[in-house]
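Survey of secondary and tertiary structure
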Amino acid sequence: RNPVLAARAVMLESPHVLLAGDSADAFARERGLVLVDSAYFGTPERLEQLRRVQRERGTAPALDHDGADRVAHAAAKAGQHAPLDPDTKHGTVGAVACDVHGHVAAASSTGGMTNKRPGRIGDTPIIGAGCYASDRTAAVAATGTGEAFLRGVAAYDVSALMEYAGLSLQQACARVIHDKMPALGGSGGLVAVNARGEVAMPFNTDGMYRGEVRPGSAPVVSIYR
Ligand code: ASP
């Protein structure tokens with residue numbers, strides 16, 4: 001039911017990095033984690049969204065989340081007024097954290113992209129593409145068109161730019177999101193924190209739901225630039 005708990009169990013209680021399929025379910029069950037049928041994750045709204053994208057695009061996944069997107073127009077006509085068009089926004093929930101000892105961590109969970117082909121694996125679970133953490137550089141969790149983030153090994157690229165090219169967290173994140181990803185056809189963004197607690201949350205889209213919390217200050221949430 002909570003993939004991040006299963007991921008944490010793999011990290012802490014197995015010698016492995018990534019388990020998939022039935023064996024991953026068995027591993028989670030053995031550790032007493034709650035398993036649910038896939039139907040648990042379905043909602044009528046998301047099902048209707050899928051049907052609408054299928055009507056509009058056939059088998060093509062909904063990648064584009066520009067305001068000019070055809071599906072966005074259809075949603076607007078249907079009277080949906082979410083700040084970001086729900087049909088075309090990316091839906092990954094990513095979290096990065098830094099503790100008082102300068103240890104960083106990242107976790108990420110996604111339903112993928114609307115109307116994707118069954119069996120398609122995106123960037124989110126792939127360490128280095130959609131998610132990465134190193135105390136030497138930063139923790140990074142990405143959202144966006146997964147194929148581009150996979151091809152560009154985006155999350156690790158932030159770390160590599162810091163480690164090998166000496167870029168700051170902000171510079172490395174900007175290079176990946178504003179230069180490298182668009183060149184690969186990738187729209188999206190990322191959240192990142194380094195071992196000093198500096199935060200970067202760049203995106204090359206209209207907006208990105210995001211938030212930040214530090215001890216002693218009120219949480220800050222943002223949508224647009
Ligand atoms: N990156 C995710 C994927 O491609 C989608 C998302 O961020 O919403 O599966």
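That block above? That's the structure.
None of these values were measured; they are calculated from a predicted model.

1. Brief notes about the pairing of strand β1 (residues 93-98)
- Here β1 runs beside strand β2 (residues 104-109); their pairing, made up of six bridges, is antiparallel. Its bridge partner being in β2, V96 is matched across the sheet by A106.

2. Examining the environment of S168
- Its location among the elements puts S168 in the loop between α6 (154-165) and α7 (169-183).
- Residues S168 and V158, spaced ten residues apart in sequence, show a C-alpha to C-alpha distance of 9.5 Å.

3. Brief notes about the nonpolar core
- Grouped together as the largest cluster of nonpolar side chains are 21 residues, with contacts concentrated most on V140, V158, L169, C173, V176, M181 and L190.
- Counting residues per element, the ones that place at least two in this core are β4 (138-144), α5 (146-151), α6, α7 and β5 (188-194).
- For this core, the element with the highest residue contribution is α7, accounting for six residues.
- Apart from the residues lying within four places of it in its own chain, the contact partners of V140 are V96, A106, G130, C131, Y132, A155, V158, L190, V191 and A192.
- If you look at the next biggest cluster of nonpolar residues, it comprises five residues, including A141, M201, F203 and M208.

4. Brief notes about the side chain of N194
- Inspection of the secondary structure assignment puts N194 in strand β5.
- Using a relative accessible area of 4% as the deciding quantity, one classes N194 as buried.
- One polar contact links the side chain of N194 to the main-chain amide nitrogen of R196, over a distance of 3.0 Å.
- At 2.6 Å, the side chain of N194 and the side chain of E198 are in polar contact.
- Non-local contacts of N194, meaning those with residues more than four positions away in its chain, are made with C98, V104, T137, A138, M162 and L169.

5. With respect to the packing of aromatic side chains
- This model, assessed by the stated rule, comprises two aromatic pairs.
- Centre to centre, the rings of Y40 and F41 are 5.2 Å apart; their planes meet at 90 degrees, and the pair counts as edge-to-face.
- Residue class for F41 comes out partly exposed when judged on its relative accessible area of 47%.

6. Points about the packing of α6 against α7
- For the pair α6 and α7, interaxial distance at closest approach is 9 Å and the crossing angle is 135 degrees. Between α6 and α7, the angle falls in the class oblique. Regarding α6 and α7, the two cross each other, and that crossing is right-handed. Residues A154, D157, V158, L161 and M162 of α6 lie in contact with α7, whose contacting residues are L169, A172, C173, R175, V176, K180 and M181.
- Broken down by class, the residue content of the contact of α6 with α7 amounts to nine nonpolar, no polar and three charged.

7. Observations regarding the site of the ligand
- Near the ligand there are twelve residues, and of these G91, T92, R120, D123 and T143 occur at the shortest range.
- Between the ligand and the protein, one listed contact pairs an oxygen atom with a side-chain N or O atom of T143 at 2.6 Å.
- When the free accessible area of the ligand is taken as 270 Å², the share hidden by the protein chains comes to 99%.

What counts and how
- Residues numbered from 1 in each chain as written.
- Predicted model: local features only at pLDDT ≥ 70, side-chain atom pairs only at ≥ 80, totals over all residues.
- Heavy atoms only, no water.
- Pairing = 2+ DSSP bridges.
- Helix = DSSP H or I, 4+ residues; strand = E, 2+ residues; numbered from the N terminus.
- Core = buried A, V, L, I, M, F, W, Y, C linked by side-chain atoms within 4.5 Å.
- Buried < 20%, exposed > 50% of the residue type's maximum accessible area, 1.4 Å probe, protein only.
- Contact = heavy atoms within 4.5 Å.
- Polar contact = N/O pair within 3.5 Å; in protein donor to acceptor, adjacent residues only side chain to side chain.
- Phe/Tyr/Trp six-rings, centres within 6.5 Å; stacked < 30°, edge-to-face > 60°.
- Axes fitted to C-alpha atoms, helices over the stretch in contact; angles between N-to-C directions.
- Parallel < 35°, antiparallel > 145°, perpendicular 65-115°, else oblique.
- Left-handed = near helix turned anticlockwise from the far one by under 90°.
- Nonpolar A, V, L, I, M, F, W, Y, C, P; charged D, E, K, R; others polar.
- Near = heavy atom within 4 Å.
- Areas by Shrake-Rupley, 256 points an atom, 1.4 Å probe, with all protein chains shown as cover.

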